[in-house]
Amino acid sequence: MRSCVALMAGTLAAFALATPALAQKQGGILKFTHRDNPPSASIHEEATISTVIPFMPVFNNLVMFDPKEKFNSPDKIVPDLAENWSWSADKTKLTFKLRSDVKWHDGKPFSANDVKCTFDALIGQGDEKVKDLIRKNPRKVWYDNLKEITVGSPTEVTFTLGRPQPSLLSMLASGYTPVYACHVDGRTLRSKPIGTGPFMVVEFKRNESIKLTRNPNYWKKGQPYLDGIEFKIVPNRSTRVLGFVAGEFDMTFDSDITFPLLKDVKDQAPHAVCEARPTNVRSNLIVNRDREPFDNPKIREALVLAIDRKPFSDILAQGNDLIGAAMLPAPAGVWGMKPEELSKLPGFGPDTAKNIAEAQSIMKSLGYGPDKTLKVKVATRNIAIYRDPAVILIDQLKKIYVDGELDPIDTTVWFTRVQQKNYQIGLNLTGAGVDDPDVMFFENFHSSSSRNYTGYSNPEVDKLIVQQSSIEDKAERMKVVAQIEEMLTRDAARPTILHGVGNTCWQPFVKGVVLQHNSIYNSWRFENIWLEK
Amino acid sequence: MGAYLTRRVLLMGLTLLGMSVLIFVMLRLVPGDIADILVDSAGIVDVDEKARIVKELGLDKPLFEQYLHWLGGLFQGDLGFAYVSERPALEEIAPRIPVSAKLALLALIYSVILGVPLGVISAVRQNTGLDYMLRVVSLSGLSLPSFWLALLILMASVQWFGVIPIYTNEPRSLVDEILLLSIPAAAVGFRSSALIMRLTRSSMLEVLRQDYIRTARSKGASQTSVNYEHALRNALLPVVTIIGIEAAFLIGGLIVTETVFNIPGVARFLVEAILWRDYPIVQNLVMLIAFITVVVNFLVDMAYMALDPRIKYAD
């Protein structure tokens, strides 16, 4: 009798444990709003979430951040196309053992050669056919330390690095790092890509929609749960939000719902599930240090001191945006400075009146004052999310005798203008693909980076960036990261104003959504999502 | 008449040739080209990559050579390749034309069937309560921007009926399509109908004071006969002109309406192509609009003859 009860209890327990798996339903099309036309479908060529969201489900990476976890961090990386990986003793060789049961959407087998040609294209090696895979390479700097990719066998590939770089694995786990098919040309990858991922591209109609269908031969058996995904391109935000409220769409575009809009959405669609999360996109001040009077470090220091971050957050995000230096602050950010350390940096102290008084005193020492203001043009991209903070910045700079005039630059030539240093000061937004110091510092502050728009160059900072990159111990590395943050702030190198927070909403029947809280770019595989209809 | 028609057709050809030069030159005067934008959209400014794209797209060739290449292709029905999608421009443009054409036609029908009869009623019932009401309606039609009206329609629809009349899926039948396009067409056509109504009213008022109307009345013609057979036909000349002009102007209204109602037509596509400096798309679409405008104007001129037998086009 006792054994019978035990057997029944065991069976019930087994059922209880199995319930979550059984709960996932197969079928249905997820209708997702998309805010604009992706420039292309080639993830490696673009630097926008508009491309990552619809096309990440088409591909696989070697490794990925655990899609069930809310935070991306090096200890939460799981296998994808690679079954496992190992480092050499000197930490300069990273060998991946690849899956042998993977096929591209056109039925051709995936092999180590595909990995090699993808990364050869990214580091500018290989023949013309390989180079044709990628026409532009915005994340070239991620792979500066990657020297060679060697194929050991069809299921083994080794990455050789110039020096140890533990963060390489994090970069390989990003949604920005899919493995491309060697037998497909660049034009196809930009328009109707072929991948190994859970969904296949049916059509990419510009200005209209992107349709994906379930990959019936996906190597993760039983997945994905959805029959397909339809991304409807709806450029007008009011239409997008009204469409979601009316139930026309199942899920909003990532972070599309601002805090003022959130109240409307909750009023009109009370059952909608909405989640706020940091976007890891930060607004920052850019200063043309080659042009007078901003070639004077004192004046740059005054500008940094004049930034009062709380009003930015209150006005733009009802107080929800986050205050931090370059790295996303904790608790969402893994590498951000602690508040007590942050408050010691110029402009971050809690006594804003004191900061402004200090800035005024610097300006007065340089000959400026209420009767002699410094007239400047504050350049920014002519888009609302850029213009709005720029207007607040202009207002704040008035307090230190800087008379700013908004200079909205056509969005198409913004970066060219900045690169040509055809501005005095400006306001920019910068997103981080991965919450990792290598990504943030190499991309934006290292003198060799093509995305170091302001041309900031400090040999000491360059040295520290390389130094932190080689450190494996997290605590040790964080010390150097904090040192870099301090130097960047004191140098007024693109000082951060705020880290943005946005809301994403979905209908209650959409299940399995996990938004990661320190990057918006890495969790859009859609293979764990199902519809409970 | 034959010589007149030949002259008109030749003039139309010359106008279109002039337009092609204008479009081509003006597009290139706008700062930034597709290479700038492609590189900027990736947030990078790599000079080598930009140069490679410029070469690949043939933008490094002399302007005159680029122009001749485009024009030559146009005569052969080859519209070139869209820069952004890297597909033939014709494949990109062709499916969108019927969508916008149906929307524009529906909007034009709305504006005519509402504007002309209401204008006549307003004139015939001058200074009555009905006239005042129609004048207020027409004024609101002229003063309400179409994007605002479109948004109001969407908000009201969601609030009261819980549905949103936007284009999310391809309609399955013509009836479905007409139903789907009728609300956006009303939003676009409202302004035009107001304009047509006001013009019909003022034109009718002028005609109704003419001697021949008095003569018709004194001969015992019925009120309906006087209004519709004698007055309206003569009052229609300026109205037809404005309908012709409005048909060309509708494209402006369509840009906003297609965006708000999410309709995948040419107008929204054109704006997107301009933003991306997608020259093959912009050039060909603007040429198409110019062609339609020229043809509509020609048809309007021809319609004058049918409406007023006194008008003759001499050889």
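In every chain, residue numbers begin from 1 and rise along the written sequence. As they are written, the chains are lettered A onward and the ligands numbered 1 onward, keeping that order. Restriction of local features to residues with pLDDT of at least 70 applies here, the model being predicted, together with a cutoff of 80 or more for giving and counting side-chain atom pairs; totals for whole chains, interfaces and linings are based on all residues.

**Here we look at the overall build of chain B**
The numbering of helices and of strands both runs from the N terminus, where a helix is a DSSP run of H or I of at least 4 residues and a strand a run of E of at least 2. On a plain count of helices and strands, chain B comes out with 13 helices and zero strands. Secondary structure elements of chain B, listed N to C terminal, follow the sequence α-α-α-α-α-α-α-α-α-α-α-α-α. For chain B, the spread of C-alpha atoms along the principal axes amounts to about 85 × 60 × 35 Å. Exposed residues have 12 or fewer other C-beta atoms within 10 Å of their own C-beta, buried residues have 20 or more, and partly exposed residues fall in between, where C-beta atoms are placed from the backbone. Taking all 315 residues of chain B together, the buried fraction comes to 38%. C-beta atoms are placed from the backbone for every residue, and two residues are taken to be in contact when these atoms lie within 7 Å. Within chain B, contacts between residues at least 6 apart in sequence are counted, and of these 76% link residues at least 24 apart.

**So, the overall build of chain A**
Helices and strands together make up the secondary structure of chain A, namely 17 helices and 17 strands. The C-alpha radius of gyration computed for chain A amounts to 25 Å, which stays within 12% of the reference 24 Å derived for 533 residues, consistent with globular compactness. Taking the principal axes of its C-alpha atoms as reference, chain A extends roughly 90 × 55 × 55 Å. Considering chain A as a whole, with its 533 residues, one finds that 53% of them fall into the buried category. With the radius of gyration taken over C-alpha atoms, the globule rule is written as 2.2 Å times the number of residues to the power 0.38.

**Section: the domain arrangement of chain B**
Residue and element names in this part refer to chain B. In terms of domain boundaries, chain B breaks down into domain 1 (2–94) and domain 2 (98–307). Here domain 1 and domain 2 have C-alpha centroids that lie 32 Å from each other. Between domain 1 and domain 2, the residue contacts involve 24 residues of the former and 17 residues of the latter. Where the side of domain 1 that touches domain 2 is concerned, the elements lending two or more residues are α1 (2–29), α2 (34–41) and α5 (89–93). Top element by residues in the side of domain 1 that touches domain 2 is α1. It accounts for nine residues. For each domain, the first and last residues come from an automatic or database assignment.

**Concerning the pairing of strand β9 (residues 209–214) of chain A**
Residue and element names in this part refer to chain A. The rule for pairing is simple: two strands pair if DSSP sees at least two bridges between them. Note that strand β8 (residues 199–205) and β9 share six bridges and pair antiparallel. Paired with F199 across the two strands is R214, which belongs to β9. Following β8, the chain reverses through three residues before pairing antiparallel with β9; N207 in that reversal takes a positive phi of roughly 70°. Here β9 runs beside strand β10 (residues 228–233); their pairing, made up of five bridges, is antiparallel. If you follow K211 over to β10, its bridge partner there is E230.

**Some words on the interface of chain A and chain B**
Interfaces are frequently sized by the accessible area removed from exposure as the parts join. Listed per partner, the contact involves 35 residues of chain A and 36 residues of chain B. Element by element, the count of residues in the side of chain A that touches chain B is highest for helix α7 (residues 237–245) of chain A, at five residues. Throughout this entry, Asp, Glu, Lys and Arg are counted as charged residues, while Ala, Val, Leu, Ile, Met, Phe, Trp, Tyr, Cys and Pro are counted as nonpolar. The remaining residues, Gly among them, count as polar. Per-class residue counts for the side of chain A that touches chain B are eleven nonpolar, twelve polar and twelve charged.

**What about unusual backbone geometry?**
With the exception of glycine, the majority of residues adopt a negative phi angle, and the majority of peptide bonds are in the trans configuration. Residues and elements named next belong to chain A. With omega at -5°, the peptide bond leading from Q223 into P224 counts as cis. In this fold, P224 is placed in the loop between β9 and β10. Here A330 and P331 are connected by a cis peptide whose omega angle stands at 10°. The residue P331 is located in the loop between α10 (309–317) and α11 (339–342) in this model.

**Remarks on the environment of A269(A)**
For A269(A), the position within the fold is in the loop between α8 (259–268) and β11 (273–287). Considering only alpha carbons, one finds A269(A) and A246(A), 23 residues apart in sequence, at a separation of 8.0 Å.

**Describing the sheet that holds strand β13 (residues 402–409) of chain A**
Residue and element names in this part refer to chain A. The strand order across the open sheet built from five strands is β13-β12-β14-β11-β15, with neighbouring strands paired in mixed fashion. Because the sheet does not close on itself, it has two edges, and the strands there are β13 and β15 (496–506). Mean inter-strand twist for the sheet, computed between neighbouring axes without regard to direction, equals 30°. Here strand β12 (residues 374–381) pairs with strand β14 (residues 425–431) via three bridges, running parallel. For T380, the partnering residue across the bridge sits in β14 and is L427. A fitted line through C-alpha atoms represents every axis, and for helices the fit uses only the stretch in contact; the resulting angles, taken between N-to-C directions, go from 0 to 180 degrees.

**Things to note about the nonpolar core**
Ranked by size, the top nonpolar core spans 230 residues in total, and within it V52(A), L285(A) and A302(A) carry the most contacts. Taken together, domain 1 (2–94) and domain 2 (98–307) of chain B each give at least three residues to this core, which thus spans both. With residues up to four places along the chain from it excluded, the contact list for V52(A) reads I43(A), G175(A), Y176(A), Y521(A) and W524(A). A set of buried residues qualifies as a nonpolar core if it consists of Ala, Val, Leu, Ile, Met, Phe, Trp, Tyr and Cys joined through C-beta atoms within 7 Å.

**Examining the sheet that holds strand β7 (residues 156–161) of chain A**
All names here are of chain A. Overall, antiparallel pairing links the four strands, which are arranged β4-β5-β7-β6 in an open sheet. Either end of the sheet is taken by a strand with one partner, and the two such strands are β4 (82–87) and β6 (146–153). Across the sheet, the mean angle separating the axes of adjacent strands is 20° when strand polarity is ignored. Looking at chain direction, β4 and strand β5 (residues 93–98) are connected through five bridges and run antiparallel. Opposite W85, over in β5, you have F96 as the bridge partner.

**Let's talk about the packing of helix α8 (residues 146–161) of chain B against helix α9 (residues 174–208) of chain B**
All names here are of chain B. At a minimum axis separation of 9 Å, α8 and α9 run at an interaxial angle of 145°. The two elements α8 and α9 meet at a crossing, and its hand is right-handed. The segment α8 lies against α9, with S146, L149, A150 and I153 engaging I183, P184, A187, V188, F190 and R191. Two helices that cross are described as forming a left-handed crossing if the nearer one is turned anticlockwise from the farther one by less than a right angle, and a right-handed crossing if clockwise.

**Digging into helix α13 (residues 384–397) of chain A**
Structurally, the α-helix is built with 3.6 residues per turn, so residues lying three or four positions apart point the same way. All names here are of chain A. Expected span of a helix, by definition, is 1.5 Å for each gap between consecutive residues, and there is one gap fewer than residues. Taking 1.5 Å of rise per residue, the 14 residues of α13 would be expected to cover 20 Å, and the 20 Å separating its terminal C-alpha atoms lies within 8% of that figure. Regarding α13, the residues found buried are Y386, P389, A390, L393, I394, Q396 and L397. Summarising the axial view, the buried residues of α13 lie within an arc of 160°, below the 170-degree limit, and thus occupy one face. Here the arc refers to the directions that run from the helix axis out to each C-beta atom.

**Concerning the confidence of the model for chain B**
Predicted coordinates in areas of low pLDDT are best not read in detail. For chain B, the mean per-residue pLDDT works out to 87, and 98% of the residues sit at or above 70. In the model output, the complex is listed with pTM 0.86 alongside ipTM 0.81. Each residue carries a pLDDT score, the predictor's own confidence in it, on a scale running from 0 to 100.

**With respect to the packing of α7(A) against α8(B)**
Packed helix pairs are characterised by how far apart their axes lie and by the angle those axes make with each other. At a minimum axis distance of 10 Å, the contact between α7(A) and α8(B) shows a crossing angle of 15°. Considering their axes alone, α7(A) and α8(B) lie roughly parallel with respect to each other. Two packed elements cross with a definite hand, and for α7(A) against α8(B) that hand is left-handed. Between α7(A) and α8(B), the residues in contact are S238(A), T239(A), L242(A) and V245(A) and L151(B), L154(B), M155(B) and V158(B), respectively. Classifying every residue of the contact of α7(A) with α8(B) gives six nonpolar, two polar and no charged. Convention used here: angles under 35 degrees read as roughly parallel, angles over 145 as roughly antiparallel, angles from 65 to 115 as roughly perpendicular, and any remaining angle as oblique.

**So, the confidence of the model for chain A**
Residues and elements named next belong to chain A. Mean pLDDT over chain A works out to 91, with 96% of the residues at or above the 70 mark. β5 holds the highest mean pLDDT among the elements of chain A, 98, whereas helix α1 (residues 2–23) holds the lowest, 47. Counting contacts from residues 1–21, a segment whose pLDDT is below 50, to residues more than four positions away or on other chains yields zero contacts.

**Topic: the environment of D254(A)**
Within the fold, D254(A) resides in the loop between α7 and α8. Once residues within four sequence positions are removed from consideration, D254(A) is found in contact with I49(A), I53(A), T504(A) and I520(A).

**Some remarks on the pairing of β12(A)**
Residue and element names in this part refer to chain A. For β12, the tally of buried residues reaches six of eight residues, placing the bulk of the element in the interior. In this sheet, β13 lies alongside β12 in parallel orientation, the contact comprising eight bridges. By the bridge assignment, K377 is partnered in β13 with E405. We call a crossover right-handed when, viewed with both strands directed away from the observer, the connection leading from the first strand over the helix to the second proceeds clockwise. Running through α13, the crossover from β12 to the neighbouring parallel element β13 is right-handed.

**Digging into the environment of K375(A)**
With respect to the secondary-structure elements, K375(A) resides in strand β12. Taking the C-alpha atoms as reference points, K375(A) and Y401(A), separated by 26 residues in sequence, lie 8.6 Å from one another.

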